[in-house]
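Residue-level structure breakdown
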Amino acid sequence: MDERLVPIRGEITEIVGGLSSGRTSHLLACLGDVVGRGETAALIDTEETFDPGSATQAGIDLRRLLWVRCGSNREIALRAADMLVRCPGFALIALDLGERVPRLPTTMAFRLKFAVRRTDVALLIVGCRRLTGSSAALALETLREGIEWAGPGPAPTHLARVRTTTRVLRARGAEFGRPPSSWWSA
Amino acid sequence: MSRFACVLVEHFDAAAVERCEPALRERPLAILNPSVDQPNVGRESAPTSNRNGALAARIMTTIEANAAAREQGVRPGMTETEARTRCPMLLTRPWVEEHTASARHALLEAALAVSPRIEDGGAGVAYLDTVGLERLIGDPAAIGRRLVHQVRAIGLIPRVGLAASRTAARMAAATGSGAVTVIPPGRERATLAKVPIAVLDLAPDLAATFGRWGVRTLGELAALPREGLAMRLGPPGLRAHDLALGLDRDPFRPWTPPPFWEEAQGLEWEIDSLGVLAGVLETVLERLCRRLAAVGLVADVLEVRLGLASGGHHARDVSLAYPMSEVKPMLTLAILDLEAHPPPAAVIRVAISAHPIRTQVGQGGLWQPPAPAPRDLVTVLARLAALVGADNLGSPVLVDSHRADAFTMLAFSPPTEPAASERRRRGAPQRDDIPPPPPAPRRLALRRMRPARRVQVETAGERPARVEAWLVIASAGPWRASGEWWDQQAWARDEWDVVLGDGALCRIARDRLTGHWYLDGFYD
């Protein structure tokens, strides 16, 4: 993965995009990078959509991943994120807000920002739209570019891979060109 | 070489209370026995009516006093009024059995941390077999200092004596001028000769007999002919003679620690607020943790038992998830558990017992990745469990099955060893015959619907053509799977990957047993 597109320690990173745009694949890739280094990560799963099978295929050591299921309660998800970012030692806290991102007061966004800086954890927020505004150091938007099918005959029998691209919405203190496209195998 | 040590804590009932309330240590303190009722004989204390209508007054009797109170003339056996007359600044506390029992156990455990062979000599007294300890600790004085250090760590102030016998060691502890007194081998009789006979704590009639004979010191008692003592006083006289000579006649009875560790606190008032109860829990946990730390143990489970004003008990098992001996995370976990399961009535007694285990002490590895500190992790996991429920928290583990979304949840306990890829990257030794694995693949993720949503699907032949209101733009499949046909949980399905008219790329599946279609989730 492009090193500029990974979550930054001590900062908030946001990935936004619609359904099937590749944001969850990007999230799993970030989690895989972290636990692959032997570090510990946590995933706050608001809508309980995390698929352990996909994560295992993405190379994630599930033993190093704390999975918090919030039963579609966004307020609980935000409170869980607030607790976890105050626990030093986690390398990455991922907050998957799903398809309904709540309104977050600016004070709460700043509270998260300063907690993240104090514990030097990377907070990655994934959703259909942005949550923390200017508190995020990096904001990315994922877009789907194409789909490849595969099969022995004229009719495809399975999904082969999906190509996505990333658009940088906000990058505090860094100059970005257009990141290259990514291929995600099914 | 000295063979025995005696640890003596004077005025033990008062010391046990001071252990619970260290601020009392420098102030005159008397322990009162609240269970003594006597008829009212004209005192000015508030009378109460008994069942027969006669008046009776509750007289509080002093059963113990600390050194500061004794300096001002307070003695056991005095009534509270007499004690307060002699010492107007006297503080009093009722005698609580749990305080004394906890302190007694704590003293024995502290002694056990120095020697594996100890004997319970009664409240405030512990004997240790010190044979062989000189090779571990040093000379007898060093052993004594170690004992003083261990006992001070649990909140008691001891005096230690070391001698060739338990009796001589106790005499040395009781009469020595410093915290540690060592009687050299063969010097027991000479050292104890000038000690007053009162230290033997003899029966009153026997002590009176020796007083009439003019025997005032242990040396004078030891000089009496043994046969004559046996003829006139019988076995008690011989026993007193042995004590004066510093001889042990009773066998050494080794003490072993109880199977559980408990600290308790009785309360003079009822507590109906969790905030106030937290303060009491912290005090009890501090004592328990000091005991555990003194012998190098940690706890993995706490049992919190609350005595209720209604007469019942409220017991909770608090699993610590990670063995620890630190007060703050233990307190947080206990409070969170009690918040979730509050006691049904006001609390009048608190008891906490720990299941102790021994930790494996080891140095952290050079390649060990950074991870949350155990105490932080335990605390945040407990808070999260209270927030989302314990079932919704943990690490997923895939189940060995082809069934869709087959996984189970385990308690989160990240491994401490570094990941294999990280060991390679940092140059840790690797076996040459094992090729390095390829980098992690970039795989498309599935966002699962839980539970899978039933949908209406129109088909063209076998292939799906419309899902609910959306046309199917492209599709691939079927991926046929089945399993557990030998059981009542048999399943069989055809999976399709489809692109819908709104651009969503999703996985749908047809249950071949029922013919129903389900939306498994979205590729994202």
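In this text, all values refer to a predicted model and were calculated from it rather than measured experimentally.

1. Some details on the overall build of chain B
When helices and strands are tallied, chain B shows 16 helices and 24 strands. The buried share of chain B, reckoned over its 524 residues, is 37%. Of the contacts formed within chain B by residues at least 6 apart in sequence, a portion of 60% connects residues at least 24 apart.

2. Things to note about the overall build of chain A
For chain A, the helix and strand inventory stands at four helices and eight strands. Starting at the N terminus and walking to the C terminus, you meet the elements of chain A as β-α-β-α-β-α-β-α-β-β-β-β. Out of the 186 residues in chain A, the part that is buried amounts to 55%. The long-range share in chain A, meaning contacts at least 24 apart out of those at least 6 apart in sequence, stands at 73%.

3. A few points about the interface of chain A and chain B
On the chain B side, the residues contacting the 60 residues of chain A number 50 residues. Within the residue set of the side of chain A that touches chain B, elements represented by two or more residues are α1 (23-36), α2 (52-57), β3 (65-69), α3 (74-84), β6 (136-150), β7 (158-171) and β8 (182-185) of chain A. Here the side of chain A that touches chain B gets eight residues from one element, more than from any other, and that element is α1 of chain A. Here the residues of the side of chain A that touches chain B sort into 27 nonpolar, 22 polar and 11 charged. Across two bridges, β3 of chain A lies against strand β16 (residues 393-398) of chain B in antiparallel orientation. Bridging from a neighbouring strand, Val68 of chain A pairs with Leu393 of chain B of β16 of chain B.

4. Observations concerning the sheet that holds strand β19 (residues 457-460) of chain B
Residue and element names in this part refer to chain B. With antiparallel pairing, the seven strands of this open sheet are ordered in space as β18-β24-β23-β22-β21-β20-β19. Lying at the two open borders of the sheet, with one neighbouring strand each, are β18 (446-455) and β19. Adjacent strand axes in the sheet meet at a mean angle of 30°, parallel and antiparallel pairs treated alike. Strand direction decides the pairing type here: β18 and strand β24 (residues 517-523), joined by six bridges, are antiparallel. Bridging across to β24, Arg448 finds its partner in Gly521.

5. Here's the deal with the packing of helix α4 (residues 97-112) of chain B against helix α6 (residues 140-153) of chain B
Any two packed helices are characterised by the angle at which their axes cross and by the distance between the axes. Residues and elements named next belong to chain B. Two elements in contact, α4 and α6, have axes separated by 9 Å at closest approach and are oriented at 140°. Crossing of α4 against α6: the hand is right-handed. Taken together, the residues of α6 that come into contact with α4 (itself represented by Leu107, Ala110 and Ala111) are Leu147, Gln150, Val151 and Ala153. For the contact of α4 with α6, the per-class residue count stands at six nonpolar, one polar and no charged.

6. So, the pairing of strand β22 (residues 491-500) of chain B
Residue and element names in this part refer to chain B. Two elements, strand β21 (residues 470-483) and β22, share nine bridges in a ladder whose sense is antiparallel. Pairing of Ser475 across the sheet is with Val498, part of β22. Bridging between β22 and strand β23 (residues 505-511) involves seven bridges; their strand directions are antiparallel. From the neighbouring strand, Asp494 faces β23, where its bridge partner is Arg510. Connecting the antiparallel pair β22 and β23 is a turn made up of four residues, with Gly503 showing a positive phi of about 95°.

7. Examining the pairing of β6 of chain A
Consecutive side chains of a regular strand alternate in pointing toward one face of the sheet and then the other. Direction of pairing for strand β1 (residues 12-16) of chain A relative to β6 of chain A: parallel, over a ladder of five bridges. Considered in β6 of chain A, the bridge of Glu14 of chain A is made with Ala139 of chain A.

8. Re the confidence of the model for chain B
All names here are of chain B. Chain-level statistics for chain B give a pLDDT mean of 85 and a share of 87% at 70 or above. Predicted confidence for residues 38-56 stays below pLDDT 50, and this span has 16 contacts to residues more than four positions away or in other chains. For this predicted complex, the interface confidence comes out at an ipTM of 0.93, alongside a pTM of 0.59.

9. Examining the sheet that holds β3 of chain A
In a beta sheet, neighbouring strands pair by backbone hydrogen bonds and run either parallel or antiparallel. Taken together, the 10 strands give an open sheet; going across it, the order is β8(A)-β7(A)-β6(A)-β1(A)-β5(A)-β4(A)-β2(A)-β3(A)-β16(B)-β17(B), and neighbouring strands pair in mixed fashion. Strand pairing shows two members of the sheet lacking a second neighbour, β8 of chain A together with β17 (407-410) of chain B, which therefore form its edges. Neighbour-to-neighbour, the strand axes of the sheet open up by a mean angle of 30°, direction not taken into account. Where strand β2 (residues 41-45) of chain A lies against β3 of chain A, five bridges are found, and the strand directions are parallel.

10. Thoughts on unusual backbone geometry
Note that the residue after Arg450 of chain B, namely Pro451 of chain B, is joined by a cis bond; omega there is -5°. Tracing the chain through its elements places Pro451 of chain B in strand β18. Here the residue pair Gly477 of chain B and Pro478 of chain B is connected by a cis peptide bond, since its omega of -5° sits within 30 degrees of zero. Although it is not a glycine, Ser20 of chain A sits at a positive phi angle of roughly 65°. Examined against the element boundaries, Ser20 of chain A turns out to sit in the loop between β1 and α1.

11. As for the environment of Phe90 of chain A
In this structure, Phe90 of chain A sits in the loop between α3 and β4 (92-98). On the basis of neighbour counts, which here come to 26 C-beta atoms within 10 Å, the residue Phe90 of chain A falls in the buried class. Sequence separation of Phe90 of chain A and Glu39 of chain A is 51 residues, and the distance between their C-alpha atoms is 7.2 Å. Sequence-distant contacts of Phe90 of chain A, defined by excluding residues within four places in its chain, comprise Thr40, Ala41, Ala42, Leu84 and Val121 of chain A together with Pro372 of chain B.

12. A short note on α3 of chain A
Residues of α3 of chain A that are buried: Ile76, Ala77, Leu78, Ala80, Ala81, Met83 and Leu84 of chain A. Residues of α3 of chain A that are buried in the fold lie against β2, β3, β4 and α4 (106-119) of chain A together with α15 (374-388) of chain B.

13. A few points about the environment of Ser395 of chain B
By secondary structure assignment, the location of Ser395 of chain B is in strand β16. Expressed as a C-alpha distance, the spacing of Ser395 of chain B and Thr408 of chain B, which sit 13 residues apart in the sequence, is 8.4 Å. With near-sequence residues (within four places) excluded, Ser395 of chain B lies in contact with Leu62, Arg63, Leu65, Leu66 and Trp67 of chain A together with Leu410 and Phe412 of chain B.

14. A closer look at helix α11 (residues 226-233) of chain B
Within α11 of chain B, only zero of the eight residues are buried, leaving the element largely exposed. Where α11 of chain B terminates, the next one or two residues include Gly234 of chain B, which has phi positive at roughly 75°.

About the thresholds
Residues numbered from 1 in each chain as written. Chains lettered and ligands numbered in written order. Predicted model: local features only at pLDDT ≥ 70, side-chain atom pairs only at ≥ 80, totals over all residues. Helix = DSSP H or I, 4+ residues; strand = E, 2+ residues; numbered from the N terminus. Buried ≥ 20, exposed ≤ 12 C-beta atoms within 10 Å, placed from the backbone. Contact = placed C-beta atoms within 7 Å. Nonpolar A, V, L, I, M, F, W, Y, C, P; charged D, E, K, R; others polar. Pairing = 2+ DSSP bridges. Axes fitted to C-alpha atoms, helices over the stretch in contact; angles between N-to-C directions. Left-handed = near helix turned anticlockwise from the far one by under 90°. pLDDT = per-residue confidence, 0-100.

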